[in-house]
Every structure is written in C-alpha cells, then in structure tokens.
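An overview of the molecular structure
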Amino acid sequence: MTATSTPPASRLRGRDTVRVAFSGLRARPLRAVLSALGIAVGIAAMVAVVGISASSREQVNDQLRQLGTNLLTITPGQQLTGGEAKLPPDSVDMVARVGPVTAVSAIGTVDDASVFRNQHIPEEQTNGLSVNAARPDLLDTISGTVASGRWLDDALAQFPTVVLGADAAERLGINRTDGSGQVWLGGEWFTVVGILDPVPLAPELDSSVLIGWPVAADLLGFDGSPTTIYERSDEDAVDDVRAVLPATANPDHPEEVSVSRPSDALAAQAAADETLTTLLLALGGVALLVGGIGVANTMVIAVLERRSEIGLRRALGATRAHVRRQFLGESVLLAGLGGIGGAALGGVVTAAFAQTRDWPFALPVWVLAGAAAATVLVGAIAGAYPAARAARMPPTAALATV
Amino acid sequence: MSTRIQAAATAPVAVADTRDPVVLLRDVRRIYPGHPPVRALDGVDLQIDPGELVGIVGPSGSGKTTLLNVLGTLDRADAGVVRVDGYDVEELSDRQLSAMRAHRIGFVFQQFFLSPGVTALDNVADGLLYTGLAQRNRRARARRTLTRVGLADRTHHKPHQLSGGQRQRVAVARALVGQPALLLADEPTGALDSASGAAVLELLHELRDTGTTIVVITHDHGVAAELPRQVHILDGRIESDERTAER
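Everything quoted here is computed from the prediction, not taken from an experiment. (Residues numbered from 1 in each chain as written. Chains lettered and ligands numbered in written order. Predicted model: local features only at pLDDT ≥ 70, side-chain atom pairs only at ≥ 80, totals over all residues.)

Here we come to the overall build of chain A. A count of helical and extended segments in chain A gives twelve helices and eleven strands. For chain A, the C-alpha radius of gyration of 35 Å lies well beyond 21 Å, the compact-globule estimate for 402 residues. In chain A, which comprises 402 residues, the share counted as buried stands at 44%. (Helix = DSSP H or I, 4+ residues; strand = E, 2+ residues; numbered from the N terminus. Rg over C-alpha atoms; globule rule 2.2 N^0.38 Å. Buried ≥ 20, exposed ≤ 12 C-beta atoms within 10 Å, placed from the backbone.)

Written out as structure tokens, the structure reads:
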C-alpha cells in the first residue's frame, strides 16, 4: 500500500441506479403520482389529438377504398365568350368507347323544371332542389345505394316516376316509397318510387330528384344534353383517360369541358382538418410543458428535502456523477410514468371517440414512440438543474443540515 | 515512546510497529472564511494505528466534527498532511475520495440515517451499493454482518419496527459491511438512552477486539472514559492524548 496507488473506483451498477431512482419515488407516492399526472395530461392530449385525426383519416381512406378513386366526372365548363357550355347529347356514348373505360353514366339537368310537394306551393320556393334526368346505369357507376323503394329501371323511366336524393326527400318531407307519395314536378304529378342513401362521391345528387331520361324528354322538353357524365376506368389508366376525356366528350370544343375527380375532394377535406390538428397538438405541447415544470418543481423540492440522504450517499462512496444520475433518473422515471399513463389515457380517448363516430380505431406506432421520447426528454430537462444542484452539494454541508 | 509500546501491548491484534498508521495528520489546519475566520482545526497532529479504538472528545464548537469530516475525506484540510489508509488525501480527486469512502471508510451518524421503509438487511446492503457488487452478494454480506452485530433475527424489520439501539446497530453494520480500514462514529450514542448507548459502545469494543480501527467522536466524557484512548480537542487544537489501561 503506497501513497501513489489509488483505491478501486466507486461503481454504481445501471440496475442499481434505476433501483435507487425508483426508491426516491416510492418514498412519496402521492407526490410522484400528482406530478406524473401533469405529464400524463399533456401526453394524453397529444396522443388523443393525433389518434383521433388518424382515425378520421383512416375512415376517409376506408370510404375511398370502398367507393374507389377511379371515378371521374365530366361537366360542361364555360364558353370562351362567357356563356354556359353544353355537352353534345351523344357524348356519353363517345366516352364509353374509350378503351379503359369500364362504366359510364350521366345526369342531365332539366332546366325550367322545379319540384314541389304539391301544386299550391309558390314557384319560387324550390328548396334548392334540382330536377335531373338520370340514365338507368347511374346508380352502379357512382356506387350509390337505395335507402328505400327502388331505382329507375328502363320500364319506370318511361313513366312519370321519381327517385329522391337523401336531402331532397327530407326537404320535401317524403318518406313513403310504396307508390302513394307524389310530387308536383314541372306541372305534372310524379310518383315517388325510391329514395337514395347519401352519395359521398356525387354529393350533388343528394339534393336532386331524378327522373327517367325518356320521360324527361317527353313531358318536360329535356334536350338530352348531359350536365354531368360519371365515368369509371381501370385504376392505372385514370390519368390517361383523364387526358383524352375533353376531346372525346366534346370534339368541337374540348376547351369547354372540365374534368374532376371527386375522390380528390374527399381527400382534400380530410387534409383540411390538419390545421386544426396542428393547433390542438400545440395545445397538448403547452400542457406537456406545464407538466414538465411540475416535475422540475417536485425535483427541486426533493433535492432540498433530501440533503441528508445526499450526504449519506456521498459518505457511502457515491461520486457526484452517481448523485446526479440518481436524481436525473428519478426525474426521467417520474416523467416516464406520466407518459405511460398519458399514452394509455390518450389511446382510450381515441378508441372511445372513434367508437361514437363509427370510425375505425387508428393509433400509429410513431405516436407512441414520439410520446415516449417526449417524456424522456421532458424528464431529462426538468431534472437537469435539480440533479446538478444535488451533485454540487458538498457532503459536509449535506450532512450538517439535520 | 512509552505510550506507543503500551498501545501495542494493549491491542493484541494490531502490531503497530510493522504496519502503516491508518490515520496520520501533520499540522492540519482548516479555516472557515468569515469575520473573523473560524479556525476549526489549528495545527492538529494525530496518528492512529490499525486496531485502535480512539475517542475524540470535546465540547461543541471545538472542531471535532471538522476533524471527523477530514478523517472521513468528506472535507479537505487547508494546510498540512492528511494521510488515510496510506493515501495522501490532498493528491486524490473527488472521484478517488468517493472511492476511498466506498471501500475503506465506514460512517456511523448520531441520527442513524437509515432509509425509512427499507428492511434492515437492505439498509446494511446499501453500505456496499457504491462498490459495484451485485445485489445478491451485497445482501449475503449484509446478512453476515447483521449476525455479527447481534441482529440476525431482525433482518426483515424496517427501521420503524426497531428500537433506537437496534437502529444504531443496523447503522454500525452498514458502516462495517465493506470491511473498512477505518470506522468513524459521530456521537453514536447521542440519540440513545444510556442502556442502548452502553450496548452500542459494547459492540464497538467487540469490533475493535476483532481488529477494526474505530474513531468515536463524542462530547460525553462518560462515553470517552470507556475508550482505551482519548484525544481531547479544544478550539481546533489537541489538548491531550491519553491512554487508559484496558478494562
């Protein structure tokens, strides 16, 4: 034993560091739970916001998968001179001849025709409903479904019968489709034979009443020009088809034709919610920050209260680094506990919300990983100053306080 | 030199002449700045050989706690030579001093400083926490040490289930579990009734008989009179260094 050699170093095993950090929390469970709760609220808010927005997006995606994204609509745009353009009556058949097209249908708005519950209603009270002639294959093309009654087949299309869009039925106050319901349409009585479900890919049909193509021409002077052509093609060929549609639908004036993809509108609507999500996420971040301040406060008090413990540990051979690690570990554990609770709470909130809306439950893994990383970071930042203070405390001062 | 020979004769386990002293202080000074500055240690010379049981006696404010802190490497002297267990404290870094305390020095405090809600066994095992031993080995050694201080039947009791005397015995076991070269006890009987205090002193005597070097700090002359060597300290200076015949 000589004065130049040094004793073997102090060593605190990693497992013991965790154990020591945890024992600090166990000594004051209520305080630990309350400060962890602050973190939990922040994490729960953020997880729930992201989870709910992901579930909502998942719902739209589900809907798109179900409805397909290969539907294009063709409408007459504006003439160069500013007037309303029209599509030629044979444009539907011309679109059908494009190779990859699998289904085509169309509606034609019957100008000058309005629909009323009966003939006593003043003509200006149209309720915003439009009267459209529909081809029999419309329902299949737009993936529409009948809520009650039946769809216009070739036979019914010859007679004054009508199928109501979902909103139109509500506004007209008609829910009977057994043939007893009638509407006053363009100066004639039309019998209601069916009511449609809402149509996500063609929302304009919800406020329409649909009549057969032939009867529209015979009774109401419909000119046969389609106002919206619905077209489906192979998924891979949608862009190619889109490119040739204007010239196909109206060879004389392709520049007057406008083509749109309704599924894009649905997706865009989902994306519009992102702004709100970002705002709510920021609010959750503020809650997390407040929770972090709570943890820092708890740790500062813990260091002040536990001076004699710090002194004892230094006397038992703890280095400054060991003391710092103990309190930093305690802070990270505290925040981590809150993070786990918060993630679970956020998951439950998301599941409950999705349940009430009939949405699929979606909580991406990166959200949970992000929440875990956030709590570790918050715990480390909150504990850094108190831990450094504990480590700097001279052992004699720490022992002299009692 | 006659005291030296007497010391060797009364401490059969320690053969002072062939071993380095456990503690060697030469002209040690510790001055706390202030107006006026406090000379807590004012030129202290002290040598403690292996196997000795030494009482450091003095009234409060005499500098005995500062002396304990310097001996325990918790505090550094401002001047002079401090050599503990053969190491020159002045030359060691803070980390190395921590290592000294982890491996070579044990502390017993007046207030015990046991962790509440933790069994006697684990409190004692904590004496080895910073040596890097695995928990299993720490507990095995703690169990043996608890047996040594007569608490084999109290291993799973928590501090609040133990009497004051038993708690201090747990604290002694914690200081002892690492087999330190030097055991420092700061007023070990200060918080105990006389019967418990006598039992703890009896334990220290037994430990000393098995070769542990022990320094007891006390203001109680009755306690000091029980110890084979008494160093009286006043105003930071050693007033007297007496050895009494073994009981």
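Having seen it, we continue.
Attention shifts here to the sheet that holds strand β1 (residues 23–32) of chain B. Residues and elements named next belong to chain B. Taken in spatial order, the four strands line up as β2-β1-β4-β5 in an open sheet, and their pairing is antiparallel. Where the open sheet ends on each side, the last strands, each with one partner, are β2 (38–48) and β5 (87–88). By the bridge criterion, five bridges tie β1 to strand β4 (residues 79–84) in an arrangement that is antiparallel. If you follow Leu25 over to β4, its bridge partner there is Val82. Across the face of the sheet, helix α2 (residues 64–71) comes into contact with β1, β2 and β4 while running at roughly 55° to β2. (Pairing = 2+ DSSP bridges. Contact = placed C-beta atoms within 7 Å. Axes fitted to C-alpha atoms, helices over the stretch in contact; angles between N-to-C directions.)

This part is about the UniProt feature "domain: MacB-like periplasmic core" (unreviewed entry) in chain A. With numbering matched to this structure, UniProt assigns "domain: MacB-like periplasmic core" (unreviewed entry) to residues 33–242 of chain A. Along residues 33–242 of chain A, the helical share is 31% and the strand share 26%, with 60 Å between the first and last C-alpha atoms. (UniProt positions renumbered as here; feature names shortened; annotations may be inferred.)

To continue, consider helix α9 (residues 307–315) of chain A. All names here are of chain A. Of all nine residues in α9, seven are buried; the element is thus mostly enclosed. Restricting attention to buried positions, one finds in α9 the residues Glu309, Ile310, Gly311, Leu312, Arg313, Arg314 and Ala315. One or two steps after α9, the chain reaches Gly317, where phi turns positive at roughly 115°.

Counting residues at the interface gives 30 residues for chain B, matched by 26 residues for chain A. The set of elements that each furnish at least two residues to the side of chain B that touches chain A consists of β5 and α3 (94–103) of chain B. Ranked by residues supplied to the side of chain B that touches chain A, first place goes to α3 of chain B with nine residues. Considered class by class, the residues forming the side of chain B that touches chain A number ten nonpolar, eleven polar and nine charged. (Nonpolar A, V, L, I, M, F, W, Y, C, P; charged D, E, K, R; others polar.)

His35 of chain B connects to Pro36 of chain B through a cis peptide bond whose omega is -5°. With respect to the helices, strands and loops of the structure, Pro36 of chain B is situated in the loop between β1 and β2. A positive phi angle, close to 55°, is found at Ser143 of chain A, a residue other than glycine. On the secondary structure map, Ser143 of chain A appears in the loop between α4 (138–141) and β5 (146–149). One non-glycine residue, Asp235 of chain B, lies in the positive phi region at around 50°. Within the secondary structure, Asp235 of chain B sits in the loop between β9 (229–234) and β10 (237–243). Here Asp235 of chain B falls in the partly exposed class, since 15 other C-beta atoms lie within 10 Å of it.

Attention now moves to the sheet that holds strand β8 (residues 214–218) of chain B. Strands belonging to one sheet form pairs held by backbone hydrogen bonds; the direction of such a pair is parallel or antiparallel. All names here are of chain B. Read from one edge of the open sheet, six strands run β6-β7-β8-β3-β9-β10, paired in mixed fashion. Of all strands in the sheet, those with a lone pairing partner are β6 (105–108) and β10, marking the two edges. Across the sheet, the mean angle from the axis of one strand to that of its neighbour is 20°, orientation sign disregarded. As defined by bridge partners, strand β7 (residues 182–186) adjoins β8 across four bridges and the pair is classed as parallel.

Moving on, we get to the confidence of the model for chain B. Residue and element names in this part refer to chain B. Summarising the model, chain B shows a mean pLDDT of 88, and 91% of its residues fall at 70 or more. Low pLDDT, under 50, characterises residues 1–17; the stretch is placed with 22 contacts to residues that sit more than four places away or in other chains. In the model output, the complex is listed with pTM 0.75 alongside ipTM 0.88. (pLDDT = per-residue confidence, 0-100.)

Our next topic: the domain arrangement of chain A. Residues and elements named next belong to chain A. Under the domain assignment used here, chain A contains domain 1 (14–64 + 267–399) and domain 2 (70–265). Using C-alpha coordinates to define each centre, domain 1 is positioned 56 Å away from domain 2. On the side of domain 2, four residues touch domain 1, which itself brings five residues to the contact. Broken down by secondary-structure element, the contributors of at least two residues to the side of domain 1 that touches domain 2 are α2 (29–67) and α8 (262–305). The residue makeup of the side of domain 1 that touches domain 2, split by class, is three nonpolar, two polar and no charged. (Domains from an automatic or database assignment.)

Moving on: the UniProt feature "transmembrane region" (unreviewed entry) in chain A. Residue and element names in this part refer to chain A. UniProt annotation of "transmembrane region" (unreviewed entry) refers to residues 32–54, 279–304, 332–353 and 365–385 when read in the numbering used here. Secondary structure within residues 32–54 divides into 100% helix and 0% strand; the distance between the first and last C-alpha atoms comes to 32 Å. In residues 279–304, the share of helix is 100% and the share of strand is 0%. The end C-alpha atoms are 38 Å apart.

What follows covers the pairing of strand β8 (residues 188–196) of chain A. All names here are of chain A. Relative to β8, β5 runs antiparallel, the two being bridged by three bridges. If you follow Val146 over to β8, its bridge partner there is Leu196. Alignment of strand β6 (residues 161–164) against β8, held across four bridges, turns out to be parallel. When the bridges of β8 are listed, Leu164 appears paired with Ile195. Pairing of strand β7 (residues 182–185) with β8 involves four bridges; the strand directions are antiparallel. Bridged to Leu185 within β8 is Glu188. What sits between the antiparallel neighbours β7 and β8 is a turn of two residues, in which Gly186 has the positive phi angle 55°.

Attention shifts here to the environment of Gln161 of chain B. All names here are of chain B. Structurally, the position occupied by Gln161 is in the loop between α5 (135–148) and α6 (164–176). Residue Gln161 is classed as exposed on the basis of its C-beta count, with 12 C-beta atoms lying within 10 Å. When the C-alpha atoms of Gln161 and Ala120 are compared, they prove to be 9.8 Å apart, with 41 residues separating the residues in sequence.

The subject of this paragraph is the confidence of the model for chain A. Summing up the model confidence of chain A, the mean pLDDT is 86 and the portion of residues at 70 or higher is 98%. When mean pLDDT is taken per element in chain A, helix α10 (residues 320–357) of chain A scores highest with 94 and helix α7 (residues 238–249) of chain A scores lowest with 81.

Glancing now at the environment of Leu204 of chain B. All names here are of chain B. Assignment of secondary structure puts Leu204 in helix α7 (residues 194–209). When the 22 C-beta atoms within 10 Å are taken as the criterion, Leu204 is described as buried. Beyond its immediate chain neighbours, meaning those up to four positions away, Leu204 contacts Leu53, Ala185, Ile214 and Val216.

Our focus in this paragraph is the nonpolar core. Ranked by size, the top nonpolar core spans 125 residues in total, and within it Ile43 of chain A together with Val215 of chain B carry the most contacts. Considering each element in turn, this core owes the most residues, 15 residues, to α2 of chain A. Once residues lying within four places of it in the same chain are set aside, the contact partners of Val215 of chain B are Ile48, Val54, Ile56, Leu71, Leu182, Leu184 and Ala185 of chain B. (Core = buried A, V, L, I, M, F, W, Y, C linked by C-beta atoms within 7 Å.)

Residue and element names in this part refer to chain A. α10 packs onto α2 with a crossing angle of 35° between their chain directions and a minimal axis gap of 6 Å. α2 and α10 meet at a crossing whose hand is right-handed. Each residue belonging to the contact of α2 with α10 can be placed in one class, and the counts come to 19 nonpolar, twelve polar and no charged. (Left-handed = near helix turned anticlockwise from the far one by under 90°.)

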